[in-house]
Amino acid sequence: MISRGDTATPAVLYVCADRAPGVVGSATQCAQAEGRAFAQERGLTIAEVVTDTYGEPDPAQRLGWRRVRQLVQKGHVTAVLVRWPSAIAPESAHELRHRETTWLQDHGVRVRYTWAPLTSMSGEAR
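Residues numbered from 1 in each chain as written. Predicted model: local features only at pLDDT ≥ 70, side-chain atom pairs only at ≥ 80, totals over all residues. Heavy atoms only, no water.

Peer 1: What is the right way to look at the sheet that holds strand β2 (residues 44–52) in this model?
Peer 2: Hydrogen bonding along the main chain pairs the strands of a sheet, whether they run parallel or antiparallel. Overall, parallel pairing links the 4 strands, which are arranged β2-β1-β3-β4 in an open sheet. The two strands at the open ends of the sheet, each matched to only one other strand, are β2 and β4 (110–113). Averaged over neighbouring strand pairs, the angle between their axes works out to 25° when direction is ignored. In terms of strand pairing, strand β3 (residues 79–82) meets β4 through 4 bridges, oriented parallel. Note that in β4 the partner of valine 80 across the bridge is valine 111. (Pairing = 2+ DSSP bridges. Helix = DSSP H or I, 4+ residues; strand = E, 2+ residues; numbered from the N terminus. Axes fitted to C-alpha atoms, helices over the stretch in contact; angles between N-to-C directions.)

Okay, here's the thing in structure tokens:
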């Protein structure tokens, strides 16, 4: 549970970039480095880094995304850091992305995009 005395906002860094299971490629490394820098610049604490293999459009079917939901439900994080919206769900399944970001918002959790052109956005891009 989040302590009221904590000064840094706890966040989960969610990375869904590599296409091969069990392989940490340059896309994942870049997303993780970018996410860590984003968190540091904004005074966020990364409570956990969660990764998934890119390809499954429905986040609810991914083991990593289910872990993100678990962290949110237990009150361990107040923000989800993700490189860009398609990491949650591809544009072809944008309704799934909206479903998930709405669920997060309903639980008091903000989605923060770490990719430079999207860093000013909070919540879901429509």
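Further notes follow.
Peer 1: Would you explain the packing of aromatic side chains in this entry?
Peer 2: What describes a pair of aromatic rings is the distance from one ring centre to the other and the angle between the planes of the rings. The tally for this structure, following the rule as stated, stands at 2 aromatic pairs. With 4.9 Å between their ring centres and 80° between their planes, tyrosine 14 and tryptophan 65 make a pair best called edge-to-face. With tyrosine 14 in strand β1 (residues 9–16) and tryptophan 65 in helix α2 (residues 63–73), this residue pair connects regions lying 51 residues apart in the sequence. There is no split in this pair, since tyrosine 14 and tryptophan 65 are both buried. For the pair tryptophan 84 and tryptophan 115, a centre-to-centre distance of 5.4 Å together with 80° between the ring planes defines the contact as edge-to-face. Separated by 31 residues along the polypeptide, tryptophan 84 in the loop between β3 and α3 (94–106) and tryptophan 115 in the segment after β4 bring together distant segments of the chain. Taking relative accessible area as the criterion, tryptophan 84 reaches 32% and is therefore assigned partly exposed. Look at tryptophan 115 and you get partly exposed, because its relative accessible area is 34%. Sitting over the face of the ring of tryptophan 103, arginine 69 holds its NZ or CZ atom 3.9 Å from the ring centroid. (Phe/Tyr/Trp six-rings, centres within 6.5 Å; stacked < 30°, edge-to-face > 60°. Buried < 20%, exposed > 50% of the residue type's maximum accessible area, 1.4 Å probe, protein only. Lys NZ or Arg CZ within 6 Å of the ring centre and 35° of its normal.)

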